[in-house]
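Commentary on secondary and tertiary structure
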Amino acid sequence: MDRILVVDDDLGIQKQLKWSLSDYEVVFAEDRQSAINQLRRFEPKVVTLDLGLPPDPANASEGLAALEEILALSPQTKVIVVTGNNDKENALKAVALGAYDFYQKPIDSDTIQILINRAANLYNLELENRQLAKTSSSMSKIIGNSECIQLVSRKAEKIAQTDISTLLLGESGTGKEVFARSIHDHSLRKDKPFVAINCASIPENLLESELFGYEKGAFTGANKTTLGKIETAQGGTVFLDEIGDMPLGLQAKMLRFLQERVIERVGGRSEIPVDIRVICATHRNLQDMVTEQTFREDLFYRVGEIIISIPPLRDRENDVILLAKTFLNQYNEEFGTKVKGLSDGAVKAMLQHKWKGNIRELQNKLKSAVILAEGSTIQADDLGLMVREDGDDAVDSLNLREVRELAESRAIRRAYYQSEKNMSRTAELLGVTRPTLYSLIDKYHLDDIKTGA
Ligand SMILES: Nc1ncnc2c1ncn2[C@@H]1O[C@H](COP(=O)(O)OP(=O)(O)OP(=O)(O)O)[C@@H](O)[C@H]1O
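Residues numbered from 1 in each chain as written. Predicted model: local features only at pLDDT ≥ 70, side-chain atom pairs only at ≥ 80, totals over all residues.

As annotated in an unreviewed UniProt entry, the chain carries the name Transcriptional regulatory protein zraR and is attributed to Aliiglaciecola lipolytica E3.

Structure representation (C-alpha coordinates):
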(Lines give C-alpha, C1' and ligand atoms only; values in the text may rest on other atoms or scores of the structure.)
Protein backbone atom coordinates (compact mmCIF):
# COMPACT_ATOMS: atom_id res chain seq x y z
CA MET A 1 0.00 0.00 0.00
CA ASP A 2 1.44 3.39 -0.97
CA ARG A 3 2.11 5.73 1.93
CA ILE A 4 0.87 9.34 2.14
CA LEU A 5 1.84 12.01 4.66
CA VAL A 6 -0.78 14.64 5.47
CA VAL A 7 0.71 17.77 7.07
CA ASP A 8 -2.12 19.81 8.58
CA ASP A 9 -2.85 21.08 12.07
CA ASP A 10 -6.61 20.89 11.52
CA LEU A 11 -7.86 17.65 13.07
CA GLY A 12 -11.08 17.82 11.04
CA ILE A 13 -9.13 17.83 7.79
CA GLN A 14 -6.90 15.00 9.04
CA LYS A 15 -10.00 12.91 9.70
CA GLN A 16 -11.58 13.77 6.36
CA LEU A 17 -8.44 12.77 4.47
CA LYS A 18 -7.94 9.57 6.41
CA TRP A 19 -11.47 8.57 5.53
CA SER A 20 -11.30 9.46 1.85
CA LEU A 21 -7.81 8.01 1.24
CA SER A 22 -8.63 4.49 2.34
CA ASP A 23 -6.53 3.02 -0.52
CA TYR A 24 -3.42 4.44 1.12
CA GLU A 25 -1.60 4.15 4.38
CA VAL A 26 -2.00 7.69 5.73
CA VAL A 27 0.30 9.19 8.38
CA PHE A 28 -0.04 12.67 9.88
CA ALA A 29 2.00 15.63 11.09
CA GLU A 30 0.85 18.95 12.42
CA ASP A 31 3.91 21.18 12.06
CA ARG A 32 7.22 21.48 10.21
CA GLN A 33 9.33 19.47 12.66
CA SER A 34 6.89 16.58 12.98
CA ALA A 35 6.52 16.58 9.17
CA ILE A 36 10.26 16.08 8.78
CA ASN A 37 10.27 13.37 11.45
CA GLN A 38 7.43 11.51 9.72
CA LEU A 39 9.15 11.93 6.34
CA ARG A 40 12.32 10.33 7.67
CA ARG A 41 10.44 7.56 9.38
CA PHE A 42 7.83 6.59 6.77
CA GLU A 43 9.32 7.78 3.44
CA PRO A 44 5.90 8.66 1.98
CA LYS A 45 5.53 8.82 -1.78
CA VAL A 46 3.12 11.78 -1.63
CA VAL A 47 2.82 14.60 0.93
CA THR A 48 -0.13 16.97 1.19
CA LEU A 49 1.16 20.09 2.89
CA ASP A 50 -0.97 22.87 4.30
CA LEU A 51 1.07 26.05 3.87
CA GLY A 52 -0.49 27.69 6.94
CA LEU A 53 1.33 25.81 9.68
CA PRO A 54 1.89 26.74 13.35
CA PRO A 55 3.49 28.80 14.81
CA ASP A 56 2.48 31.12 11.92
CA PRO A 57 -0.77 29.66 10.57
CA ALA A 58 -1.92 32.95 9.04
CA ASN A 59 1.05 33.08 6.66
CA ALA A 60 2.68 30.62 4.28
CA SER A 61 6.25 31.09 5.51
CA GLU A 62 6.34 27.99 7.73
CA GLY A 63 4.70 25.83 5.06
CA LEU A 64 7.09 27.01 2.35
CA ALA A 65 10.06 26.35 4.65
CA ALA A 66 8.71 22.84 5.30
CA LEU A 67 8.36 22.31 1.54
CA GLU A 68 11.98 23.27 0.96
CA GLU A 69 13.17 20.98 3.73
CA ILE A 70 11.11 18.03 2.45
CA LEU A 71 12.40 18.40 -1.10
CA ALA A 72 15.99 18.85 0.05
CA LEU A 73 15.79 15.61 2.04
CA SER A 74 13.75 13.63 -0.46
CA PRO A 75 13.57 15.28 -3.90
CA GLN A 76 11.58 12.40 -5.42
CA THR A 77 8.63 12.93 -3.03
CA LYS A 78 5.54 14.44 -4.66
CA VAL A 79 4.33 17.36 -2.54
CA ILE A 80 0.84 18.77 -3.08
CA VAL A 81 0.50 22.08 -1.26
CA VAL A 82 -2.83 23.07 0.18
CA THR A 83 -3.46 26.82 0.35
CA GLY A 84 -6.19 29.06 1.65
CA ASN A 85 -8.84 30.19 -0.76
CA ASN A 86 -7.51 32.79 -3.24
CA ASP A 87 -3.91 32.38 -2.15
CA LYS A 88 -2.71 31.80 -5.67
CA GLU A 89 0.49 33.74 -5.11
CA ASN A 90 1.86 31.33 -2.51
CA ALA A 91 0.60 28.35 -4.48
CA LEU A 92 2.65 29.45 -7.48
CA LYS A 93 5.63 30.17 -5.24
CA ALA A 94 5.42 26.59 -3.92
CA VAL A 95 5.26 25.13 -7.41
CA ALA A 96 8.30 27.23 -8.37
CA LEU A 97 10.10 25.71 -5.37
CA GLY A 98 9.37 22.21 -6.69
CA ALA A 99 5.93 21.26 -5.37
CA TYR A 100 4.20 18.74 -7.64
CA ASP A 101 0.87 20.64 -7.62
CA PHE A 102 -1.35 22.87 -5.45
CA TYR A 103 -4.88 22.68 -4.18
CA GLN A 104 -7.06 25.43 -2.76
CA LYS A 105 -9.29 24.93 0.27
CA PRO A 106 -12.00 23.90 0.99
CA ILE A 107 -10.97 20.31 0.48
CA ASP A 108 -13.14 18.19 -1.80
CA SER A 109 -12.45 14.50 -1.15
CA ASP A 110 -12.92 13.31 -4.74
CA THR A 111 -10.69 15.96 -6.27
CA ILE A 112 -7.84 15.56 -3.78
CA GLN A 113 -8.05 11.81 -4.22
CA ILE A 114 -7.55 12.14 -7.99
CA LEU A 115 -4.61 14.51 -7.44
CA ILE A 116 -3.00 12.10 -4.99
CA ASN A 117 -3.54 9.07 -7.26
CA ARG A 118 -1.85 10.88 -10.13
CA ALA A 119 1.05 11.95 -7.92
CA ALA A 120 1.53 8.40 -6.58
CA ASN A 121 1.43 6.94 -10.10
CA LEU A 122 4.03 9.41 -11.28
CA TYR A 123 6.21 8.61 -8.27
CA ASN A 124 6.00 4.87 -9.05
CA LEU A 125 6.80 5.42 -12.70
CA GLU A 126 9.81 7.58 -11.89
CA LEU A 127 10.98 4.99 -9.38
CA GLU A 128 10.77 2.27 -12.01
CA ASN A 129 12.70 4.41 -14.49
CA ARG A 130 15.39 5.08 -11.92
CA GLN A 131 15.71 1.35 -11.27
CA LEU A 132 15.93 0.60 -14.97
CA ALA A 133 18.53 3.32 -15.45
CA LYS A 134 20.51 2.02 -12.49
CA THR A 135 20.64 -1.49 -13.87
CA SER A 136 21.42 -0.39 -17.38
CA SER A 137 24.33 1.80 -16.36
CA SER A 138 26.72 -1.06 -15.69
CA MET A 139 26.13 -4.22 -17.71
CA SER A 140 23.74 -2.49 -20.06
CA LYS A 141 21.62 -5.42 -21.21
CA ILE A 142 21.35 -7.19 -17.88
CA ILE A 143 18.05 -6.16 -16.42
CA GLY A 144 17.62 -7.02 -12.77
CA ASN A 145 17.80 -5.54 -9.29
CA SER A 146 17.96 -8.70 -7.20
CA GLU A 147 21.00 -9.12 -5.04
CA CYS A 148 22.09 -12.33 -6.75
CA ILE A 149 21.98 -10.91 -10.28
CA GLN A 150 23.75 -7.75 -9.14
CA LEU A 151 26.56 -9.85 -7.66
CA VAL A 152 26.89 -11.81 -10.89
CA SER A 153 26.82 -8.62 -13.01
CA ARG A 154 29.54 -7.06 -10.91
CA LYS A 155 31.67 -10.17 -11.36
CA ALA A 156 31.12 -10.06 -15.13
CA GLU A 157 31.93 -6.37 -15.22
CA LYS A 158 35.18 -6.96 -13.36
CA ILE A 159 36.43 -9.61 -15.76
CA ALA A 160 35.16 -7.88 -18.91
CA GLN A 161 38.36 -5.98 -19.52
CA THR A 162 40.59 -9.03 -19.08
CA ASP A 163 41.07 -11.94 -21.47
CA ILE A 164 40.42 -14.60 -18.86
CA SER A 165 38.53 -17.65 -20.25
CA THR A 166 35.06 -17.50 -18.81
CA LEU A 167 32.57 -20.29 -18.30
CA LEU A 168 28.94 -19.26 -17.85
CA LEU A 169 26.76 -21.81 -16.09
CA GLY A 170 23.01 -21.65 -15.84
CA GLU A 171 19.75 -23.26 -16.82
CA SER A 172 18.40 -22.77 -20.30
CA GLY A 173 17.02 -19.27 -20.90
CA THR A 174 18.71 -17.63 -17.90
CA GLY A 175 20.56 -15.18 -20.15
CA LYS A 176 23.96 -16.79 -20.69
CA GLU A 177 24.27 -15.39 -24.19
CA VAL A 178 23.11 -11.97 -23.02
CA PHE A 179 25.86 -12.04 -20.40
CA ALA A 180 28.45 -13.15 -22.95
CA ARG A 181 27.52 -10.25 -25.23
CA SER A 182 27.60 -7.79 -22.35
CA ILE A 183 31.06 -8.98 -21.34
CA HIS A 184 32.18 -8.47 -24.94
CA ASP A 185 30.53 -5.02 -25.12
CA HIS A 186 32.40 -3.96 -21.98
CA SER A 187 35.75 -5.29 -23.16
CA LEU A 188 38.54 -3.68 -25.15
CA ARG A 189 37.44 -5.95 -28.02
CA LYS A 190 34.02 -4.33 -28.29
CA ASP A 191 34.65 -2.91 -31.78
CA LYS A 192 35.68 -6.33 -33.10
CA PRO A 193 33.28 -9.19 -33.91
CA PHE A 194 31.28 -11.20 -31.38
CA VAL A 195 30.68 -14.62 -32.92
CA ALA A 196 28.35 -17.12 -31.26
CA ILE A 197 28.19 -20.79 -32.05
CA ASN A 198 25.95 -23.40 -30.49
CA CYS A 199 27.85 -26.69 -30.24
CA ALA A 200 24.63 -28.64 -29.64
CA SER A 201 22.83 -27.48 -32.76
CA ILE A 202 25.48 -28.45 -35.31
CA PRO A 203 25.94 -32.10 -36.34
CA GLU A 204 29.14 -33.58 -34.98
CA ASN A 205 30.76 -34.07 -38.40
CA LEU A 206 30.21 -30.41 -39.37
CA LEU A 207 31.20 -28.79 -36.09
CA GLU A 208 34.93 -29.02 -36.69
CA SER A 209 34.82 -27.23 -40.06
CA GLU A 210 32.29 -24.74 -38.68
CA LEU A 211 34.72 -23.82 -35.90
CA PHE A 212 38.08 -24.10 -37.61
CA GLY A 213 37.20 -23.63 -41.30
CA TYR A 214 38.45 -25.79 -44.17
CA GLU A 215 40.76 -25.67 -47.16
CA LYS A 216 39.57 -26.12 -50.71
CA GLY A 217 39.42 -29.84 -51.49
CA ALA A 218 39.56 -30.94 -47.85
CA PHE A 219 36.47 -33.10 -48.42
CA THR A 220 33.84 -33.68 -51.07
CA GLY A 221 31.96 -30.45 -51.58
CA ALA A 222 34.76 -28.22 -50.22
CA ASN A 223 34.86 -26.10 -53.35
CA LYS A 224 36.64 -23.15 -51.83
CA THR A 225 38.66 -22.33 -48.75
CA THR A 226 36.28 -21.21 -46.02
CA LEU A 227 37.04 -19.48 -42.74
CA GLY A 228 35.69 -20.99 -39.53
CA LYS A 229 33.85 -19.07 -36.83
CA ILE A 230 37.02 -18.74 -34.77
CA GLU A 231 38.94 -17.07 -37.59
CA THR A 232 36.05 -14.73 -38.45
CA ALA A 233 36.07 -13.51 -34.86
CA GLN A 234 39.74 -12.45 -35.15
CA GLY A 235 40.43 -9.72 -32.58
CA GLY A 236 37.02 -10.21 -30.95
CA THR A 237 35.15 -12.79 -28.89
CA VAL A 238 33.94 -16.30 -29.64
CA PHE A 239 30.98 -17.51 -27.62
CA LEU A 240 30.78 -21.31 -27.51
CA ASP A 241 27.32 -22.14 -26.26
CA GLU A 242 26.62 -25.67 -24.96
CA ILE A 243 30.32 -26.53 -24.74
CA GLY A 244 29.26 -29.64 -22.79
CA ASP A 245 27.89 -31.04 -26.05
CA MET A 246 31.23 -30.83 -27.85
CA PRO A 247 32.36 -34.31 -28.99
CA LEU A 248 35.44 -35.69 -27.24
CA GLY A 249 37.53 -35.78 -30.43
CA LEU A 250 36.97 -32.10 -31.04
CA GLN A 251 37.68 -31.25 -27.41
CA ALA A 252 41.35 -32.15 -28.00
CA LYS A 253 41.58 -29.76 -30.92
CA MET A 254 39.81 -27.08 -28.91
CA LEU A 255 42.29 -27.52 -26.07
CA ARG A 256 45.20 -27.05 -28.44
CA PHE A 257 43.67 -23.85 -29.78
CA LEU A 258 43.13 -22.50 -26.28
CA GLN A 259 46.65 -23.38 -25.15
CA GLU A 260 48.59 -22.27 -28.17
CA ARG A 261 46.24 -19.74 -29.71
CA VAL A 262 46.70 -21.18 -33.19
CA ILE A 263 44.26 -23.08 -35.39
CA GLU A 264 44.56 -25.35 -38.37
CA ARG A 265 41.79 -25.41 -40.94
CA VAL A 266 40.41 -28.84 -41.85
CA GLY A 267 42.67 -30.15 -44.61
CA GLY A 268 45.17 -27.35 -43.93
CA ARG A 269 48.85 -27.69 -43.19
CA SER A 270 49.74 -24.35 -41.71
CA GLU A 271 49.07 -22.96 -38.26
CA ILE A 272 47.14 -19.71 -38.20
CA PRO A 273 47.62 -17.51 -35.13
CA VAL A 274 44.40 -16.15 -33.65
CA ASP A 275 43.87 -13.43 -31.08
CA ILE A 276 40.53 -14.18 -29.54
CA ARG A 277 38.73 -14.13 -26.25
CA VAL A 278 36.72 -17.26 -25.50
CA ILE A 279 33.53 -17.37 -23.48
CA CYS A 280 31.84 -20.75 -23.04
CA ALA A 281 28.47 -21.67 -21.61
CA THR A 282 26.56 -24.78 -20.70
CA HIS A 283 23.50 -25.88 -18.78
CA ARG A 284 25.21 -29.22 -18.06
CA ASN A 285 27.17 -30.19 -14.99
CA LEU A 286 30.68 -30.24 -16.45
CA GLN A 287 32.23 -31.49 -13.22
CA ASP A 288 30.04 -34.59 -13.35
CA MET A 289 30.93 -35.00 -17.02
CA VAL A 290 34.61 -34.86 -16.10
CA THR A 291 34.05 -37.64 -13.56
CA GLU A 292 32.17 -39.65 -16.17
CA GLN A 293 35.01 -38.93 -18.62
CA THR A 294 32.72 -37.39 -21.21
CA PHE A 295 34.41 -34.00 -20.84
CA ARG A 296 38.16 -33.53 -20.70
CA GLU A 297 39.39 -32.34 -17.33
CA ASP A 298 42.19 -30.24 -18.85
CA LEU A 299 39.68 -28.51 -21.13
CA PHE A 300 37.36 -27.89 -18.20
CA TYR A 301 40.09 -26.01 -16.35
CA ARG A 302 41.13 -24.18 -19.50
CA VAL A 303 37.64 -22.88 -20.41
CA GLY A 304 36.67 -22.20 -16.82
CA GLU A 305 39.49 -19.98 -15.59
CA ILE A 306 36.62 -18.14 -14.05
CA ILE A 307 33.14 -19.56 -13.58
CA ILE A 308 30.06 -17.38 -13.42
CA SER A 309 26.78 -18.99 -12.43
CA ILE A 310 23.66 -17.21 -13.58
CA PRO A 311 20.80 -17.75 -11.15
CA PRO A 312 17.47 -19.10 -12.40
CA LEU A 313 14.61 -16.62 -12.61
CA ARG A 314 12.70 -18.23 -9.70
CA ASP A 315 15.56 -17.25 -7.36
CA ARG A 316 15.72 -13.65 -8.57
CA GLU A 317 13.10 -12.20 -6.19
CA ASN A 318 11.15 -9.39 -7.82
CA ASP A 319 13.20 -9.33 -11.03
CA VAL A 320 10.45 -11.29 -12.67
CA ILE A 321 8.15 -8.25 -12.37
CA LEU A 322 10.81 -5.79 -13.51
CA LEU A 323 11.55 -7.96 -16.55
CA ALA A 324 7.85 -8.48 -17.26
CA LYS A 325 7.26 -4.71 -17.31
CA THR A 326 10.25 -4.20 -19.59
CA PHE A 327 8.94 -6.83 -22.02
CA LEU A 328 5.43 -5.36 -21.77
CA ASN A 329 6.71 -1.95 -22.95
CA GLN A 330 8.85 -3.58 -25.60
CA TYR A 331 5.97 -5.63 -27.05
CA ASN A 332 3.52 -2.72 -26.86
CA GLU A 333 5.91 -0.83 -29.08
CA GLU A 334 6.55 -3.78 -31.38
CA PHE A 335 2.88 -4.70 -31.89
CA GLY A 336 1.34 -1.23 -31.54
CA THR A 337 -0.77 -2.39 -28.57
CA LYS A 338 -1.68 -0.25 -25.55
CA VAL A 339 -1.66 -2.67 -22.65
CA LYS A 340 -1.11 -0.56 -19.53
CA GLY A 341 0.14 -2.94 -16.89
CA LEU A 342 -0.16 -6.13 -14.88
CA SER A 343 -3.09 -6.93 -12.60
CA ASP A 344 -2.40 -7.83 -8.97
CA GLY A 345 -3.41 -11.41 -9.80
CA ALA A 346 -0.93 -11.55 -12.68
CA VAL A 347 1.86 -10.26 -10.42
CA LYS A 348 1.03 -12.81 -7.76
CA ALA A 349 0.87 -15.67 -10.27
CA MET A 350 4.20 -14.65 -11.80
CA LEU A 351 5.89 -14.57 -8.40
CA GLN A 352 4.55 -18.05 -7.64
CA HIS A 353 5.41 -19.66 -10.97
CA LYS A 354 8.57 -21.80 -11.19
CA TRP A 355 9.83 -20.50 -14.56
CA LYS A 356 11.53 -23.68 -15.70
CA GLY A 357 12.21 -21.97 -19.05
CA ASN A 358 13.48 -18.87 -17.24
CA ILE A 359 13.56 -15.48 -19.02
CA ARG A 360 12.76 -17.03 -22.38
CA GLU A 361 9.55 -18.51 -20.94
CA LEU A 362 8.64 -15.16 -19.37
CA GLN A 363 9.25 -13.41 -22.69
CA ASN A 364 7.01 -15.84 -24.56
CA LYS A 365 4.22 -15.52 -22.02
CA LEU A 366 4.34 -11.72 -22.12
CA LYS A 367 4.41 -11.66 -25.89
CA SER A 368 1.23 -13.72 -26.27
CA ALA A 369 -0.46 -11.94 -23.34
CA VAL A 370 0.16 -8.50 -24.92
CA ILE A 371 -1.31 -9.71 -28.20
CA LEU A 372 -4.25 -11.57 -26.68
CA ALA A 373 -5.20 -9.44 -23.63
CA GLU A 374 -8.86 -8.42 -23.71
CA GLY A 375 -8.62 -5.58 -21.21
CA SER A 376 -6.09 -2.82 -20.59
CA THR A 377 -4.20 -4.83 -17.97
CA ILE A 378 -2.77 -8.30 -18.23
CA GLN A 379 -4.50 -10.89 -16.06
CA ALA A 380 -3.01 -14.16 -14.78
CA ASP A 381 -5.22 -15.92 -17.31
CA ASP A 382 -3.69 -14.03 -20.23
CA LEU A 383 -0.33 -15.42 -19.13
CA GLY A 384 -1.69 -18.93 -18.91
CA LEU A 385 -0.98 -18.91 -15.17
CA MET A 386 -3.13 -19.64 -12.14
CA VAL A 387 -3.10 -17.74 -8.88
CA ARG A 388 -2.56 -20.10 -6.00
CA GLU A 389 -3.38 -19.33 -2.43
CA ASP A 390 -0.31 -18.95 -0.20
CA GLY A 391 1.25 -22.21 0.84
CA ASP A 392 -0.39 -23.96 -2.09
CA ASP A 393 2.96 -24.82 -3.67
CA ALA A 394 1.89 -28.44 -3.86
CA VAL A 395 -0.66 -27.78 -6.61
CA ASP A 396 1.86 -28.01 -9.41
CA SER A 397 4.52 -29.94 -7.61
CA LEU A 398 4.93 -33.64 -7.92
CA ASN A 399 4.60 -34.33 -4.21
CA LEU A 400 5.49 -33.08 -0.77
CA ARG A 401 9.13 -34.06 -1.20
CA GLU A 402 9.41 -31.78 -4.24
CA VAL A 403 7.74 -28.90 -2.40
CA ARG A 404 10.19 -29.32 0.46
CA GLU A 405 13.21 -29.57 -1.82
CA LEU A 406 12.22 -26.46 -3.71
CA ALA A 407 11.68 -24.46 -0.53
CA GLU A 408 14.96 -25.65 0.97
CA SER A 409 16.97 -24.91 -2.19
CA ARG A 410 15.49 -21.42 -2.32
CA ALA A 411 16.28 -20.77 1.34
CA ILE A 412 19.86 -21.99 0.95
CA ARG A 413 20.46 -19.82 -2.10
CA ARG A 414 18.98 -16.78 -0.42
CA ALA A 415 21.08 -17.24 2.72
CA TYR A 416 24.17 -17.82 0.57
CA TYR A 417 23.79 -14.51 -1.26
CA GLN A 418 22.68 -12.70 1.89
CA SER A 419 25.87 -13.79 3.63
CA GLU A 420 27.93 -12.75 0.59
CA LYS A 421 28.87 -16.35 -0.14
CA ASN A 422 30.30 -17.05 3.28
CA MET A 423 29.58 -20.71 4.05
CA SER A 424 29.84 -20.49 7.84
CA ARG A 425 27.51 -17.52 7.87
CA THR A 426 25.12 -19.26 5.46
CA ALA A 427 24.99 -22.27 7.78
CA GLU A 428 24.43 -19.96 10.74
CA LEU A 429 21.58 -18.13 9.01
CA LEU A 430 19.94 -21.43 8.21
CA GLY A 431 20.53 -22.83 11.69
CA VAL A 432 22.40 -25.92 10.47
CA THR A 433 25.98 -27.11 10.79
CA ARG A 434 28.45 -26.65 7.95
CA PRO A 435 28.57 -30.39 7.12
CA THR A 436 24.75 -30.45 6.93
CA LEU A 437 24.84 -27.41 4.64
CA TYR A 438 27.37 -29.12 2.36
CA SER A 439 25.33 -32.29 2.19
CA LEU A 440 22.18 -30.28 1.31
CA ILE A 441 24.10 -28.46 -1.41
CA ASP A 442 25.11 -31.83 -2.82
CA LYS A 443 21.66 -33.28 -2.44
CA TYR A 444 19.96 -30.44 -4.30
CA HIS A 445 22.74 -30.10 -6.89
CA LEU A 446 23.35 -26.44 -6.11
CA ASP A 447 26.47 -26.56 -8.23
CA ASP A 448 27.04 -22.82 -8.44
CA ILE A 449 27.31 -22.68 -4.65
CA LYS A 450 29.50 -25.79 -4.61
CA THR A 451 31.99 -24.23 -7.02
CA GLY A 452 31.78 -20.88 -5.23
CA ALA A 453 30.72 -19.21 -8.46
N1 LIG B 1 18.82 -9.76 -18.04
C2 LIG B 1 18.09 -9.80 -19.15
N3 LIG B 1 17.35 -8.76 -19.49
C4 LIG B 1 16.53 -8.82 -20.58
N5 LIG B 1 16.39 -9.89 -21.37
C6 LIG B 1 17.10 -10.95 -21.08
C7 LIG B 1 18.02 -10.96 -19.97
N8 LIG B 1 18.61 -12.16 -19.91
C9 LIG B 1 18.09 -12.86 -20.95
N10 LIG B 1 17.21 -12.14 -21.64
C11 LIG B 1 16.42 -12.62 -22.79
O12 LIG B 1 16.01 -13.95 -22.50
C13 LIG B 1 16.18 -14.81 -23.62
C14 LIG B 1 17.11 -15.96 -23.23
O15 LIG B 1 18.42 -15.45 -23.03
P16 LIG B 1 19.71 -16.22 -23.54
O17 LIG B 1 19.52 -16.76 -24.94
O18 LIG B 1 20.88 -15.34 -23.30
O19 LIG B 1 19.70 -17.44 -22.52
P20 LIG B 1 20.67 -18.69 -22.46
O21 LIG B 1 20.91 -18.95 -21.03
O22 LIG B 1 21.86 -18.45 -23.35
O23 LIG B 1 19.72 -19.80 -23.05
P24 LIG B 1 20.17 -21.22 -23.70
O25 LIG B 1 20.96 -21.94 -22.68
O26 LIG B 1 18.84 -21.86 -23.96
O27 LIG B 1 20.92 -20.89 -24.93
C28 LIG B 1 16.73 -13.95 -24.73
O29 LIG B 1 15.67 -13.60 -25.60
C30 LIG B 1 17.28 -12.73 -24.05
O31 LIG B 1 17.16 -11.58 -24.85
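Once the structure has been displayed, the description carries forward.
1. Quick look at the UniProt feature "modified residue: 4-aspartylphosphate" (unreviewed entry) in the chain
Within the UniProt annotation, "modified residue: 4-aspartylphosphate" (unreviewed entry) is assigned to D50. By secondary structure assignment, the location of D50 is in strand β3 (residues 46-50). Not counting residues up to four positions away in its chain, the partners in contact with D50 are V7, D8, G63 and V82. (UniProt positions renumbered as here; feature names shortened; annotations may be inferred. Helix = DSSP H or I, 4+ residues; strand = E, 2+ residues; numbered from the N terminus. Contact = placed C-beta atoms within 7 Å.)

2. Details of the site of the ligand
Around the ligand, a shell composed of 17 residues is seen, among which I143, G175, K176, E177 and I359 lie nearest. Split by residue class, the shell around the ligand holds 5 nonpolar, 8 polar and 4 charged. Formed jointly, the shell around the ligand draws a minimum of three residues from each of two domains, domain 2 (147-309) and domain 3 (313-387). (Near = placed C-beta within 6 Å. Nonpolar A, V, L, I, M, F, W, Y, C, P; charged D, E, K, R; others polar. Domains from an automatic or database assignment.)

3. Regarding the sheet that holds strand β4 (residues 78-83)
The strand order across the open sheet formed by 5 strands is β2-β1-β3-β4-β5, and the pairing between neighbours is parallel. For this open sheet the edge positions go to β2 (25-29) and β5 (101-104), each flanked by a neighbour on one side alone. The average undirected angle you get between the axes of adjacent strands in this sheet is 20°. Pairing of β4 with β5 involves 4 bridges; the strand directions are parallel. Each residue of the ladder has a partner; that of V81, found in β5, is F102. The strands touched by helix α2 (residues 32-42) within the sheet are β1 (3-7) and β2, with β1 carrying the most contacts at an inclination of about 175°. (Pairing = 2+ DSSP bridges. Axes fitted to C-alpha atoms, helices over the stretch in contact; angles between N-to-C directions.)

4. A word on the nonpolar core
In terms of nonpolar packing, the biggest core is built from 68 residues, with L168, I230, C280, A324 and L362 touching the most fellow members. The next biggest cluster of nonpolar side chains, apart from the first, holds 31 residues, and it includes I4, A60, I116 and A119. (Core = buried A, V, L, I, M, F, W, Y, C linked by C-beta atoms within 7 Å. Buried ≥ 20, exposed ≤ 12 C-beta atoms within 10 Å, placed from the backbone.)

5. Structural notes on the sheet that holds strand β11 (residues 277-282)
If you walk across this open sheet you meet the 5 strands as β7-β8-β11-β6-β12, and the pairing is parallel. Of all the strands in the sheet, just β7 (194-198) and β12 (306-309) have a single pairing partner and so form its edges. Direction aside, the axes of adjacent strands within the sheet are offset by 20° on average. As paired elements, strand β8 (residues 237-241) and β11 share 4 bridges and run parallel to each other. Bridge pairing links F239 to I279 in β11.

6. Let's talk about the environment of L383
Mapped onto the elements, L383 comes out in the loop between β14 (377-378) and α16 (400-418). Linking L383 and A373, residues 10 residues apart in sequence, is a C-alpha distance of 8.9 Å. For L383, the residues in contact, after removing those within four places along its chain, are A346, A349, M350, K365, A369 and I378.

7. With respect to the environment of E177
Here E177 lies in helix α7 (residues 176-185). Given 17 C-beta atoms within 10 Å, E177 falls into the partly exposed group. On a C-alpha basis, the gap between E177 and C280 in space is 9.3 Å, while along the polypeptide they are 103 residues apart. In this view, E177 contacts A196, F239 and D241; residues no more than four positions away in its chain are not counted.

8. What about the pairing of strand β6 (residues 166-169)?
A two-sided burial pattern is seen for β6, the buried positions comprising T166 and L168 on one face and L167 and L169 on the other. Of the pairings in the sheet, the one linking β6 to β11 comprises 4 bridges and is parallel in character. Residue pairing in the sheet places T166 in a bridge with I279 of β11. With 4 bridges joining them, β6 and β12 adopt parallel strand pairing. Looking at the pairing, L168 lines up with I308 of β12.

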